[in-house]
Each structure stands twice: as C-alpha cells, then as structure tokens.
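As a plain string of letters, each chain reads:
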Amino acid sequence: MITGVFASLFAGGQVYVSPQGNDAAAGTIDAPKATLAAALREVREAGRTKQPHTLDKIILKGGTYYLKEPVLLRPEDNGSPSKPLIIGAAPGEAPVLSGGVLIKNWKKTTGRIEGLPEAAQGKVWVADVPVVNYVSFRQLWVNDQKATRAKSTSGNSMQRILNWDKKTGTAIIPLHSFENLEVTEGLEFFIHQWWEVASLRVRKLEKAGDSCRVYFHEPESHIQHEHPWPAPWLSSETGNSAFYLVNSLSFLDEPGEWYYDAATKKICYYPKEDEDMTTAETVIPVLENLFVVNGTPEYPVENIVIRGIRFQHSGWNRPSLQGHVPHQAGLYMTEAYKLKPAGTPEKPSLDNQAWVGRPEAAVAVSFANNIRFEDNRFEHLAATGLDFKIGVKSSAVAGNLFKDIGGTGIQGGYYGDDGTEIHRPYNPADLRMICENIAVSNNLITDIANEDWGCVGIGMGFSRRVIIERNEIENIPYSGISMGWGWTPAKNIMERNSIRYNKIHHYGRTNYDCAGIYTLSAQPGTVIEENDIDSIYKAPYAHLPTHWFYLYTDEGSSGITVRNNWTPAQKYLQNNNGPDNHWENNGPQVATAIKENAGLEQRYRELLKEKTSGHVHQAVNRQRKELIELISNSKKKIDGEKLKAFLQERKVQQATIGQWHDHTVIYGLVTDVNVLRGQLQKAFPETTVKVYQDLVYEFDRQARCPGAGIAKDWTDIIMTANLVNDSKKQQEYLGYHATQFEKWPEISNGFCNADFQQLRVFKNGKQLMLVISIPKGKKLEELNPKTTENNPRVNEWNQIMSDYQEGIEGTKKGETWVEFSEK
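Attention here is on the structure that accompanies the text. (Residues numbered from 1 in each chain as written. Predicted model: local features only at pLDDT ≥ 70, side-chain atom pairs only at ≥ 80, totals over all residues. Heavy atoms only, no water.)

**A closer look at the sheet that holds strand 8 (residues 107–108)**
Pairing within the open sheet is mixed, and its 5 strands lie in the order 8-9-21-20-12. The two strands at the open ends of the sheet, each matched to only one other strand, are strand 8 and strand 12 (148–149). Inspection of the sheet shows strand 12 paired to strand 20 (residues 257–261) by 2 bridges, in the parallel sense. Its bridge partner lying in strand 20, threonine 148 is registered against glutamate 257. (Pairing = 2+ DSSP bridges. Helix = DSSP H or I, 4+ residues; strand = E, 2+ residues; numbered from the N terminus.)

**A look at the state of the cysteines**
According to the stated counting rule, one finds 1 disulfide in the structure shown. The disulfide bridge from cysteine 705 ends at cysteine 752, spanning 1.9 Å between sulfur atoms. Across the S-S bond of cysteine 705 and cysteine 752 the torsion is about -90°, and the bridge reads as left-handed. Taken as a pair, cysteine 705 in the loop between helix 8 (701–704) and strand 54 (714–723) and cysteine 752 in helix 11 (residues 745–753) lie far apart in primary sequence, 47 residues in all. Look at cysteine 705 and you get buried, because its relative accessible area is 4%. In this structure cysteine 752 comes out as buried when scored by relative accessible area, which is 16%. (Disulfide = S-S within 2.5 Å. Buried < 20%, exposed > 50% of the residue type's maximum accessible area, 1.4 Å probe, protein only.)

**Details of helix 9 (residues 727–738)**
Since the α-helix packs 3.6 residues into each turn, any two residues three or four apart lie on the same face. The end-to-end C-alpha separation of helix 9 is 16 Å, in line with the 16 Å expected for 12 residues at 1.5 Å each. Listing the buried residues of helix 9 in full gives Gln730, Tyr733 and His737. Summarising the axial view, the buried residues of helix 9 lie within an arc of 60°, below the 170-degree limit, and thus occupy one face. Looking at helix 9, the residues exposed on the side facing more than 90 degrees away from the buried face are Lys728, Gln731 and Ala738. Its side-chain oxygen at 3.0 Å from the backbone nitrogen of lysine 728, aspartate 726 defines the N-terminal cap of helix 9. (Expected span 1.5 Å × (residues − 1). Arc of directions from axis to C-beta. Polar contact = N/O pair within 3.5 Å; in protein donor to acceptor, adjacent residues only side chain to side chain.)

**Side note on the pairing of strand 29 (residues 361–374)**
Burial of strand 29 is extensive: 11 of the 14 residues sit out of reach of the surface. Bridge count between strand 23 (residues 291–294) and strand 29: 4 bridges; the pairing is parallel. Each bridged residue has a counterpart across the sheet, and for valine 292 the counterpart in strand 29 is alanine 364. Pairing geometry for strand 24 (residues 301–307) and strand 29, over 6 bridges, is parallel. Looking at the pairing, glutamate 302 lines up with asparagine 369 of strand 29. Bridge count for strand 29 against strand 31 (residues 384–398) is 10 bridges, and the pairing is parallel. Of the residues in strand 31, the one forming a bridge with alanine 368 is valine 392.

**A word on the packing of aromatic side chains**
By the definition in use, this model includes 39 aromatic pairs. With centroids separated by 4.7 Å and ring planes inclined at 65°, the aromatic side chains of tryptophan 485 and tryptophan 487 adopt a geometry described as edge-to-face. Each of the two residues, tryptophan 485 as well as tryptophan 487, counts as buried. A network of ring pairs unites the aromatic residues Trp164, Phe178, Phe189, Phe216, Phe243 and Phe251 as a single cluster. A cation over an aromatic ring shows up here: lysine 204 above the ring of tyrosine 215, its NZ or CZ 4.4 Å from the ring centre. Lying across the ring of phenylalanine 741, arginine 704 places its NZ or CZ 3.6 Å from the centre. (Phe/Tyr/Trp six-rings, centres within 6.5 Å; stacked < 30°, edge-to-face > 60°. Lys NZ or Arg CZ within 6 Å of the ring centre and 35° of its normal.)

It is worth stressing that arrangement in space is one thing and function is another; only the former is reported here.
Printed below as a string of structure tokens:
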C-alpha cells in the first residue's frame, strides 16, 4: 500500500521542480525538487516499479536552473502514445535551463593598463572567472545581450587580406594597426571565404615592410590551406577575402567588447553607457549540451513532450582547441584536399574530397520516436540550437523561438559526420538510423549563425518525409532553409520532403552563394511550394556581389517540384541538377494571397514581437541588370545575331546589346553573371570577357524623385570612360559619388527634372560604364539639357568630374565618354 505524501504524488501524476527546491524533497507543489535530473529519476523509478498511477508530468517552476551537467533522457524515461511524459513550465512561468555560470565581483580598473588602447583606459572592468575545469570560453552575455570579443576592426567593419600563401598556409595582411601586436593565448584570425567563414588560432606573426604574415596552429592550418572549397577569395574585381583578428587586449577599444586573459584567468569588459557592472547579470557558457535525448536503435526514447522551457547559455569549445574550418552549413572539416587528377568512380568530375564533423547542439536528440518540442525558447546559444542527429522519427518542433544562436537554428539528418566522405549517397542497411517523418512548423528563427556565418536557419541533411512549414526565418547571414546533402543525383534515402508556407526574409547578411531555400542531391517527390521569399541583404564583403538567389537547387538536386513561390524577381539558380525537377509559376506574379498566407499561423504570432531584422540597418538587394563587356582580341566586331541567340537561349531578360569599335556590352537581367561569363568565354573564345560587379553609384527615380511617375518602358544608353591613372584621384572620385546625395542634392534633382529613370555607374579596374535609362521614345540629347535648367551646380559637378576621367584606348584626342550603339 502507498501511503502519505507518496500516495498523493502518484495520484497527481506529476513532479514539481524549483530552483529553490531540494532534491531530497517529495517533489510536490509545496515541496519541489531542485533539479530536473532528480525529477526524472523519480519518474523513472515510478515507472520501473510499475505503480498503477505512474508519473507522467514534470513541472518546472520559474527561475534559472544552472546545470552542472546535461539533462539526459533515456529509454527508461519513455511515456506511452496515450500518455506521453510531459516536461514543461508551470503555468505562466518561465524556467531557464542554463549551461552558464554567473560572473560576479566586477571591479573597475584604476591606473594605467599596459597594452590597453587609450580609448578604454580607466573604463574597463575586471572579474575573476569562477570555474577551473573549462576550455577558454568564447561568449559573454551581459543582461541577456551578447557582448563582442575584442576585435581588430570597429563595428561591423573588416579588413581585406593582401594575399594567401598556399605553400606555407599563411595569410598576408596589412601591417598597419598590427605593428605592436604580439601573439597571446587565444588570439584568432577570422576570415570570410565565399559561403563560409573560418576561425584559425594564431601561432606566429612575421612582420616585414608594410605587411604581416600570419601562421596558424594545427590541425586547422593544413585543412585551411589544402581544402579547395570554400577557400580564401582573391580578386581584383570584387576584393580579397575580408578578415579581422580577435581576442587581444590591444583590441579592447569599444563599449560592449570583452577580452579573456588566459594567463591570469580574468575577464575584462568595456561596458556600454547604460550598463552598471555592479548590478549587471553577466554569464559565460560552460556546458556544450544542455539537454540530451539519447536512445539506441534497439531501445529508442519515445513519447516525450518538452514544453515552455528556455534553453540558454550553451558553449562550443572545439574552435578554441582545434580551430574551425567549415565546408558548408557549419559542418567543420576534419580533412579535405583537392583531387589531382579529378574524379572518383562515383563521380568522375569530383575535384575535392572532405570529411566533416558536426557542431555541438544545446539540445541533441538521437534514436527517438514521437518527441515533441513546443513553445520553447532556444536563445543565447553558442553552436546549434536543436539537433535531431540520428534515428529520430515521427517527431515535431512547433511554436518555438530560436534567437541569438551562434550556429544553425534547427538541424537534423545525416551529414557523413561518422567519417563517411561527404559526396557519397546515404543508403544505410539499418533503416533505424534514418531521420524521417519530422514536422518543423510555426517557429520563429531570428539572429542565428552569429558566430559561424555559414550556418542556416533550418538545415536537414539526408532525411525523408520531412515537413518544414509555416516558419518565419529572418535576420540571418546565409541561407534560410537547406535541404539535403551529398552533391549527387545518385539514389539515396531522401524522398518526399515538403517545404511550404514559410516566410523567409532578410537573409544573406554576410555570405552569398545562398538562397531563401536551397537543396542538394536526389530527393524524389520533394515539393517546395507557396513560400514567401524576399529581402536579401546587400552583403558588404560577399565574394561575388550578385551571387545570391531566392531559390537554389544545387548539385544533384533531382525529383523536386518547385511551384507557386512568391519572390520579387525570378532570380533562381539550377546548378548541375539531376533529372525530373519541375518549376512552375514562381515569381512576383504569384497570387498575393499566397504571399499573405505564408508564415506563422495566428495562434503563434505572439512570437513575431521577437523579430530582430528591424534593428539591422543594412540595405536590401533587388535584382538588377548586370553589365558585361566583350573585347575582341582580333579587333573584329562580335557577331551580334549570334550573341542575341546566345542570350535568348540562356534566358537573359531585357537585354540591351551595344557596340563601339571592338567592344560589345550586354546589359540585362542575369541569373548568375559569373556563370554567364564562363559561358560567353567558351562561346566567343577570341574575346576578353569583363564583368562590372562594382556598382559605385546608383540614381533611382522612384527613390529619389518624390511623387514622380515611372515610365513603363525604358531605353538604356550605355557609355564608357576611364578614370585617370592616379589612385588618389580615383579614391576622390569614388568619395564624391558616395556622398553625392547628401552633399550635392542638386545633381539628383537635375536627373529628376530630366526624367531619367535610372542612372548607374559601374567600375572594373579603372574603366567606368555609365548606364542612363530614359523613357522609351525619348532621346538623351533632348532630356540632358534639363539637368542644368536653373541648376548651375550640375555644371559645377560636371567640371569637377572631368578632372577625374579620360577616354579609353581607341578614343580620339580630347574625347572622354563614348556611347555604345544599340544592336
């Protein structure tokens, strides 16, 4: 017979937990336990003894539970289909499972600190780190806001590398501002490379002349210089890879920055103006995993609901131990190299091989059925938020917030992280390994991948029958949803995935070769439909400024139907796809009702108050016409009819073709200008092909002429000239155009008066291309005089500009701008 408090506990079917509780207590509402682990043990023991009224609820009261080790769910914790085990918040309360520790006893520094920048002298606070069994932590949160590790550039700015030496595996950077920098423990080199970033621990600096050579620790050093994709970017057209150095006392020069001194085990912080360090709550992460669901193929964890919990302050230690060189979507390489010659039996064209590992996750689930996460908050996390790693089936993620996360928000499926080369198709003999029948719906994902910019909002590797619907994803540095892995059209386990009714916007903040929705490999029966994808940021350090897309089916993608997705333009990429893809009715013509229907359902829209894109002051792209120049090496004019047919075949829209002597220009809407460049070079081998990716000035009538009408059809007039061969003057010219709207408003007023629809200046090297778009049927010579009517400053501007410009090779003496004749 069960008597006393235990009888009432079993009758209630629940165990209560409170940060003020006691693990020796009964677990009632009035005598709660102190830890979730103790409550789980109570439930587990009740189930083991087969009492008639088993416990099926663990209720967490509000407050923060600072974990000493991850909470672990085992098969012995299983609920039943009719009565799942519910682990949830008490009504109206907000329990936090934190993997962090509080930093206390901050003291303001007095006296001069050697090596600290002048701007921070007398303003820095210092505290001891109150743990001993940790790796050098990489995050600090102050009053729930992530602070910035002290870095070598201010704000969001970065510098450009001068070169990358593959032979020695070293970066060559400008010496300026690093003359007195010394290597201390924890100094890192952060580099932007194509669609990913890398964090490399600095081993040595060699300073010579006006440059500095940076050496790195192993293993990241050889991985970084051997792997071909994505590698450091070197380009005279678009600039070399951007970088900054991080974690040196000499960089601690802005409010909101911090530095950890590994030698003294002290943390230094430069507070913001509104932060009082005597009362501020400051947290560093210690645990990498907060909550682990860990079944086995034979005994999966089943029938669990996790509801209303806040998962906070996870860490990620590996970059501090081995660096971080990711391949894609945050999967870091453990080995990678270029194949010479290219080709494997499975893929004759393959030019690289790579093996990857998987970042840690705050919440990790393996071998589990019918697991449901609902109405939780995943925030202030270092790596992945929630990861369905292996063997997860018939589970759901619904109505959660994913915010302020260093890596991917929601991840799942197989990525070859058990040691399989990443290009192999996944067909396991044991089907229990597969992740399938997972629903991810009505989640808000915002401000994620803020440590590894190449991570994604939702990333699913090899998996099948996954439904991703009605999520809103915004303010992210790379792609919104990534579905698939393997880069191969070969048969694998993927099939019948569904991505529908999602709202994805304000993405691509830093990294391109991205899309709102991105796919890889064969996945027959997969449908991407009725999503609303909009507003990709203008990324300041993107390797290719136009290499962004709304929809992107990448290598091996096959068997996929893409239909009825609203996007502001048909800027899509289908790269090396397999068979049986079907595209139908995607673009701005899609019914407005589809756009309005996408995103969170009504009952979940309270989450939208957590959106962060409104705080990001960064311009948004719209598809623009691209400008390409072909210069005949034989001095003969290019066959215009052949070129027109070529452009029609490749679906270049609204193309203007112009010729001047042996120069031919193309100005039109292009899906991928760099792919087109290669195709043009192949089709017209006797030419030099130049892409003008540097847009140095843009006047747009709709934006600059309030109340003015826009012509329905335009004529594009294209002209070219050179900047003078003087680097100082070239910078002055660019400076004038960067500030023209503020300092010379009369110029755009003149363009408005002349009915110019658009005026753009592109640059490649020192050559300029000017495109003036005017209403169809009008002539430039009749409109241009209107720019100066009652507007003498336009003449003054033109006179100043003449000092910076000269004619290209082949122009007559005294001739500067020459016009291309339309063909």
